[in-house]
Amino acid sequence: MAENRVSSESIVSAKQTRMEGLLGKMRRFPESVWQTTLKVGREDPRRIIHSFKVGLALTLVSLLYLLEPLFEGMGQNAIWAVMTVVVVLEFTAGATLCKGVNRGLGTLTAGLLAFLIEFIADETGYVGRAIFIGVGVLLIGAASTYTRFFPKIKKNYDYGVVIFLLTFNLISVSSYRIDVLTMAYQRFYTIIIGCAICLFMSLVVFPNWSGEDLHNSTVNKLEGLARSIEACVNYYFQEPENQCIEHKLLEDPIYKDYKAVLDSKSNDETLALYASWEPRHSRHCHRYPWQQYVKLGAVLRHFGYTAVALHGCLHSEIQTPHSVRALFRDPSVRVAGKVSEVLMELADSIRNHRRCSAEKLSDQLHEALQDLNTAIKSQPRLFGGSKENEATKMLDLAAATANQKSNMDLGVSISSVKTDSLAMHERKSFKVGDQLKESEHKKLRPTLSKIAITSLEFSEALPFAAFASLLVETVARVDLVINEVEKLGKMACFKEFKLGEEIIITSERTPRKNIGNLEPEHFSGGYD
């Protein structure tokens, strides 16, 4: 009885706890909704404007229903105008124009083709008309669906093909029972009205341009990579007491900076597609190579992997002692600072639509890299032990292996002359002992592995060697980023401003030193 009473009390207490938690969530729900609303608005105030634009567009298109003269002319087909506004009106002008043109062309083409099939089917009789319409729906539906797999169609006109299929089947099948000429005319007319309202709201009323979003996102990615590289190096050389050991990776600002770059592929391609539909809306928009922005984004993602690797060095299990890291702090921080400076210069050049002047920083970056190389070569004992010590270790290892093997052979020869009962008894005892040793070995394996790794003569410098090699790789990939930004400037006709004068650069930039392809001996440490 006591046990039943205790179990019932525990069940009641659990229910009360769940109810209290549910009530707490309900009380916090309005506050969380309000905080989310403020956060979304602060991140991009244009979202608020776009929401009011959609509301205004729906109000205008609803007049087709609310005003009696317009409703008499449109009838129930006015609902297609409302549906068009809901589906077509997007956040950016390019996306709205793309969807609007697709919807208009799809509807017009489907209507003309459906009427052509209807005209031919009228000459075949009642039964033959049904067969002809069915065959036409089969062939055109299959052919249209197959064209959706074409790369250019899928990229630019996939929505238009879907609207074409919907409208064609609606008109063709309905025409067998009723006269759809008036319905098709009214539907096309209302779709044109809906698209016109959407284009007006997108292109005239506080327009949002996909090209500007792509342009600004590229600038933000360059600045984010600059911050992440510099922050990684500065954190790596901080004093141990100033480093935060316990922190969540997802809340790390370094992680957020390079994650935005690595996750940008789909967004870049979508913005470039919609930007190609947009008309010229400023003096900077003409002849913009939007696909070059996509290529630059791919190079930036390739560069972002070095930031990921550098960030991983901060969380490595085996770390170089701070006393060793301090020997290379100044040249490493200088390299990271120059890399960050070059990336910021590239971001500023894209933001201001001018040719980049990163070539003046290339020599400084090369000098900083040579200083790091000199600092590494000045500490040869940290990166490679003497050959005599290595030979001694190899001899000791060979001797230990030989002794172990001889002991095993001796044990086998002695055990072979013992009696069967004694041998069986010893085998059982050996088996129990082996199980105990195996369990102890599993517990000690991580500790022994770490001790074995850290006991190597040059292991304390190995993590920093990896870190330094990543810095060299970062410098090499900066050169690729500079080349892509230069291509973008030439293709987009960027201008360079010098001493208050506006100069269009037409000559090729002088070649830089190939700072990314150093000889292996430059970072050989003590191996030369």
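Above: the structure in question.
The structure presented is a predicted model; accordingly, all values stated were derived computationally and were not measured.

Calculation notes
- Residues numbered from 1 in each chain as written.
- Predicted model: local features only at pLDDT ≥ 70, side-chain atom pairs only at ≥ 80, totals over all residues.
- Heavy atoms only, no water.
- Helix = DSSP H or I, 4+ residues; strand = E, 2+ residues; numbered from the N terminus.
- Buried < 20%, exposed > 50% of the residue type's maximum accessible area, 1.4 Å probe, protein only.
- Polar contact = N/O pair within 3.5 Å; in protein donor to acceptor, adjacent residues only side chain to side chain.
- Axes fitted to C-alpha atoms, helices over the stretch in contact; angles between N-to-C directions.
- Left-handed = near helix turned anticlockwise from the far one by under 90°.
- Contact = heavy atoms within 4.5 Å.
- Nonpolar A, V, L, I, M, F, W, Y, C, P; charged D, E, K, R; others polar.
- Patch = residues over 30% accessible without salt bridge, like charges linked within 9 Å, V, L, I, M, F, W, Y side chains within 5 Å.
- Areas by Shrake-Rupley, 256 points an atom, 1.4 Å probe, with all protein chains shown as cover.
- Salt bridge = Lys/Arg side-chain N within 4 Å of Asp/Glu carboxyl O.
- Phe/Tyr/Trp six-rings, centres within 6.5 Å; stacked < 30°, edge-to-face > 60°.
- 1 Å grid on protein atoms, 1.4 Å probe; cavity = no way out; pocket = protein on both sides within 12 Å on 5 of 7 lines; lining within 4 Å.
- Points joined across faces, edges and corners; volume = space filled by probe spheres on them.

**Student:** Got a minute to help me understand the environment of D257 in this structure?
**Tutor:** Along the chain, D257 falls in helix α11 (residues 253-262). Since its relative accessible area comes to 18%, D257 is described here as buried. For the pair D257 and L222, spaced 35 residues apart in sequence, the C-alpha separation works out to 9.6 Å. A distance of 3.3 Å separates polar atoms of two side chains, one belonging to D257 and the other to R227.

**Student:** What should I look at first to understand the packing of helix α10 (residues 210-236) against α11 in this one?
**Tutor:** In a pair of packed helices, the angle between the axes and the distance between the axes together describe the arrangement. One can describe the packing of α10 onto α11 by two numbers: an axis separation of 8 Å at closest approach and a directional angle of 145°. Crossing of α10 over α11 shows left-handed handedness. Across the interface between the two elements, K221, G224, L225, R227, S228, A231 and C232 of α10 pack against I254, D257, Y258 and V261 of α11. Class assignment for the residues of the contact of α10 with α11 results in 6 nonpolar, 2 polar and 3 charged.

**Student:** Help me understand a nonpolar patch on the surface, please; the structure alone is not making it clear to me.
**Tutor:** Taken together, the side chains of L56, L60, L63, Y65, L66, L67, L70, I79 and M83 define a hydrophobic patch exposed on the protein surface, amounting to about 730 Å² of accessible area. Secondary-structure elements contributing two or more residues to the nonpolar patch are α2 (46-66) and α4 (79-88).

**Student:** Teacher, can you tell me more about the packing of aromatic side chains here?
**Tutor:** When we look at a pair of aromatic rings, we describe it by the centre distance and by the angle of the planes. Evaluation of the coordinates by the stated rule reveals 11 aromatic pairs. On the basis of an interplanar angle of 75° and a centroid distance of 5.9 Å, the ring pair of Y157 and W277 is categorised as edge-to-face. Of this pair, Y157 sits in the loop between α7 (151-156) and α8 (158-174) while W277 is found in the loop between α12 (265-275) and α13 (290-314), placing the two residues 120 residues apart along the sequence. Exposure remark for Y157: the relative accessible area of 38% places this residue in the partly exposed category. We classify W277 as buried; its relative accessible area is 17%. Where F328 meets F464, the ring centres are 4.5 Å apart and the plane angle is 15°; that geometry is what we call stacked. Here F328, found in the loop between α14 (322-325) and α15 (329-351), pairs with F464, found in helix α20 (residues 462-491); they are 136 residues apart in sequence, far enough to count as distant. F464 carries the same exposure label as F328, and that label is buried. What links up through ring pairs into an aromatic cluster is the set Y236, F237, F328, F464 and F467.

**Student:** Whenever I open this one, the layout of surface pockets confuses me. Can you help?
**Tutor:** By rolling a water-sized probe across the atoms, one finds the places where empty space is left. One number sums up the size of the largest pocket: a volume of about 640 Å³. Those elements that place two or more of their residues in the lining of the largest pocket are α2, α10, α11 and α12. Broken down by element, the lining of the largest pocket gets its largest block of residues, 9 residues, from α10. Of the residues belonging to the lining of the largest pocket, the class tally is 6 nonpolar, 9 polar and 13 charged.

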